[in-house]
Amino acid sequence: MSDLFAIETDDLRKHYDGGVEALRGLTLQVPRGSIFGFLGKNGAGKTTTIKVLLGMARATSGRATVFGLAAGAQDSSVAIRRRTGFVSEEKDLYELMTVEQIIRFTASFYPSWRGDLEHQYLRSFELPRDRKVQDLSRGMRTKLALLLALSRGAELLILDEPTSGLDPAMTEEILQALVAHVARQETTVFLSSHQLSHVDQIADRVAIIDHGRIVVSGALEDLLESYRRLQLVFDGDAPDHTFRADGVVRQQRRGRVLTVICRGNAEPIAADARALGAASVEIMPVPLREIFLETVNGEN
Amino acid sequence: MVSYKSWLDTRWRFVIPLVVLVINVWGLLLEYPHIANLLRTIDIQPDALTRSGTLGRQIIETVSAEHTYRGFVWFQWFRQNLSQLGTLCAVLLGSGSLLAGSSGAGTLFTLSLPASRNQWLLARASVGLAQTLALIVIPSLEIAVVSPTIGQQYAVSDALVHSLCAFVVCGMFFSLAFLLSTEFADIWRPLLIAGGIAIVLSLIESRYELNGFFRVMSGSSYFFADTIPWIGLLVSAVLSLAMLYGASVNIARKDF
């Protein structure tokens, strides 16, 4: 396992009682310093992966390491958590503590607690110190959970659906805070989400998980570069033709238009289309949302 | 801070019973002069009562014990109230999610902090047992302190020996609830199951006049014969340790 990666898993499997296979040979590498988008539908295995990485659940087989330390061993799991900030999907905090109490409580576990960041985020998030957690709105709880994660001076932030249930304005505020934090600190971010637009906005690498295994992984730029949509317009009805070139992911015929989504070089398909008599051939980029849907639906 | 969380989670389950027990002791002691007068007027016929079975023998034991102030304190407090309330408090303190906050939420937050599950468990067990000890010792010592106000004396050594017996057996019921709490996420099931087991044990002991845990808890051998029930205390302590170990194993293998 390499120092280049903050997180590495190799053939990770997790079977829950009752026969549920949450992870089925998950192999993943998260480079240090990256903002890594971990995408998948609900129930794809994202949260289970995070729980295994943080020692909250035990893998059935395979390897998982964080900073090169085994995630499943008790001692190294404590060391991993000392260097990691975590925000759970439910923003699961102690309801009866006040904001001030939970900050002081959390800070006591981290010798490298960043008081400067704590004060900065208290101000910018406008968190009321004396209010109980149970009385905070969902957005405020998210901000508090984020403050607790960011002020740890953590090398790695693991965020499980951090913006779920938030309105667009609050989501934007949270994402901006995250990006600004990462820009200032040397932090790796592992962002699990099914909100593709958020990941698209801030991630530099992504992996798509489906049914417990990685189906696509790589730099976001490369991924977006590798997928292309060809829109072929014919004078009459589009021919009922199946493209045989490598990389064709899907094709769809509707009236005069034949749409092809491909991975890799689109030129051979474009040449093929011209030979078929297409009046116009347009090659366009494919947004992450569509790549995700194609990948996940294709796997299914 | 790990212990501080345990304190925050259980403080009301400790403070409220403590106040109740302290008031209970006051009430008991203020009642003593009336009961002493009443006992002088009762004419016991031991042979007839003995023939009437378990209940009759218990009446004889009660009335005989309460003819002295020491006997009154032992029977009313250590044998009756502390045995019942102490067990209830111990079970209450041992119940409830060991990793969540006092509202039941926050388990994942707890597990994301850099402390091992065993550290959380150890802190919770230590705080809970310390609270159980305080709930037993403070009201018991109160008896020794307050007795002169009603013209009586109660030895501190007696209070401490009986408290020791009560604590060790209550610790066993605490450990039982603690073990059950590693299996059930809510507070109610451990509370009801452990409380139910305690009630059944108490009924069996009473019905068959067994020298069981509740007799050990009341320190009856010390009261009647100045003998500390070492074997009973040892068995209770070993069972407590076994259940605490079981809780540790259970929580270590659990997925959240």
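What counts and what doesn't
- Residues numbered from 1 in each chain as written.
- Chains lettered and ligands numbered in written order.
- Predicted model: local features only at pLDDT ≥ 70, side-chain atom pairs only at ≥ 80, totals over all residues.
- Helix = DSSP H or I, 4+ residues; strand = E, 2+ residues; numbered from the N terminus.
- Buried ≥ 20, exposed ≤ 12 C-beta atoms within 10 Å, placed from the backbone.
- Contact = placed C-beta atoms within 7 Å.
- Pairing = 2+ DSSP bridges.
- Axes fitted to C-alpha atoms, helices over the stretch in contact; angles between N-to-C directions.
- Domains from an automatic or database assignment.
- Nonpolar A, V, L, I, M, F, W, Y, C, P; charged D, E, K, R; others polar.
- pLDDT = per-residue confidence, 0-100.
- Core = buried A, V, L, I, M, F, W, Y, C linked by C-beta atoms within 7 Å.
- Parallel < 35°, antiparallel > 145°, perpendicular 65-115°, else oblique.
- Left-handed = near helix turned anticlockwise from the far one by under 90°.

Let us look at the overall build of chain A. From N to C terminus, chain A includes 10 helices and 14 strands. Looking at chain A as a whole, 42% of its 300 residues qualify as buried. In chain A, once contacts between residues fewer than 6 apart in sequence are set aside, the share between residues at least 24 apart is 68%.

Right, let's get into the sheet that holds strand β3 (residues 35-39) of chain A. Residue and element names in this part refer to chain A. Taken in spatial order, the 6 strands make up an open sheet running β6-β7-β8-β3-β9-β10, and their pairing is mixed. Of all the strands in the sheet, the pair left with one neighbour each is β6 (84-87) and β10 (213-219). Taking the axes of each pair of neighbouring strands and ignoring which way they run, one obtains an average angle of 15 degrees across the sheet. In terms of strand pairing, β3 meets strand β9 (residues 205-210) through 4 bridges, oriented parallel.

In this section: the domain arrangement of chain A. All names here are of chain A. What the domain assignment lists for chain A is domain 1 (5-211) and domain 2 (223-299). Taking the mean C-alpha position of each, domain 1 and domain 2 sit 37 Å from one another. Counting only elements with at least two residues in the side of domain 1 that touches domain 2, the list comes to α7 (196-202) and β9. Here the residues of the side of domain 1 that touches domain 2 sort into 5 nonpolar, 1 polar and 3 charged.

In this complex, chain A contributes 20 residues to the contact, which on the side of chain B involves 18 residues. Here the side of chain A that touches chain B is composed, by residue class, of 10 nonpolar, 4 polar and 6 charged.

The backbone of Phe67 of chain A sits at a positive phi, close to 55 degrees, despite the residue not being glycine. At Glu209 of chain B, a position not held by glycine, the phi torsion is positive, near 50 degrees. Mapped onto the elements, Glu209 of chain B comes out in the loop between α8 (188-208) and α9 (213-218).

All right, on to the confidence of the model for chain A then. Mean pLDDT over chain A: 90, with 98% of residues reaching 70 or higher. Per-element averaging of pLDDT across chain A places helix α10 (residues 288-299) of chain A at the bottom with 81 and strand β4 (residues 61-66) of chain A at the top with 96.

Another aspect to go through is the nonpolar core. Core analysis: the biggest nonpolar cluster contains 140 residues, and Phe190 of chain A together with Phe173 of chain B have the highest contact counts within it. Tallying contributions element by element places helix α7 (residues 156-181) of chain B first for this core, with 15 residues. Viewed by domain, this core spans two of them, domain 1 (5-211) and domain 2 (223-299) of chain A, each represented by three or more residues. Sequence-distant contacts of Phe190 of chain A, defined by excluding residues within four places in its chain, comprise Ile7, Val30, Phe36, Phe38, Leu156, Leu157 and Ile158 of chain A.

As a further point, take the pairing of β4 of chain A. Residues and elements named next belong to chain A. Note that strand β1 (residues 5-16) and β4 share 5 bridges and pair antiparallel. Each residue of the ladder has a partner; that of Asp10, found in β4, is Arg63. A loop of 2 residues connects β4 with strand β5 (residues 69-70), the two strands running antiparallel in sequence, and Phe67 in this loop sits at a positive phi of about 55 degrees.

Before going further, it helps to examine the packing of helix α4 (residues 69-94) of chain B against helix α6 (residues 117-146) of chain B. All names here are of chain B. For the pair α4 and α6, interaxial distance at closest approach is 10 Å and the crossing angle is 160 degrees. Classed by the angle they form, the pair α4 and α6 counts as roughly antiparallel. Where α4 crosses over α6, the handedness of that crossing is right-handed. Contacts from Val73, Trp77, Leu82, Gly86, Cys89, Ala90, Leu93 and Gly94 of α4 reach α6 at Gly128, Gln131, Thr132, Leu135, Ile136 and Ile143.

Residues and elements named next belong to chain B. Contact geometry of α7 with helix α11 (residues 230-252) gives a least axis separation of 8 Å together with a crossing angle of 25 degrees. Taken together, the axes of α7 and α11 are roughly parallel relative to one another. As for how α7 packs across α11, the hand of that crossing is left-handed. For the pair α7 and α11, contact is made by Cys165, Val168, Val169, Gly171, Met172, Ser175, Leu176, Phe178 and Leu179 and by Leu233, Ser236, Ala237, Leu239, Ser240, Met243, Leu244, Gly246 and Ala247, respectively. Classifying every residue of the contact of α7 with α11 gives 13 nonpolar, 5 polar and no charged.

With that settled, the discussion passes to the environment of Arg32 of chain A. Here Arg32 of chain A shows up in the loop between β2 (20-31) and β3. Contacts of Arg32 of chain A, omitting those with residues within four sequence positions, involve Leu4, Phe5, Ala6 and Thr188 of chain A.

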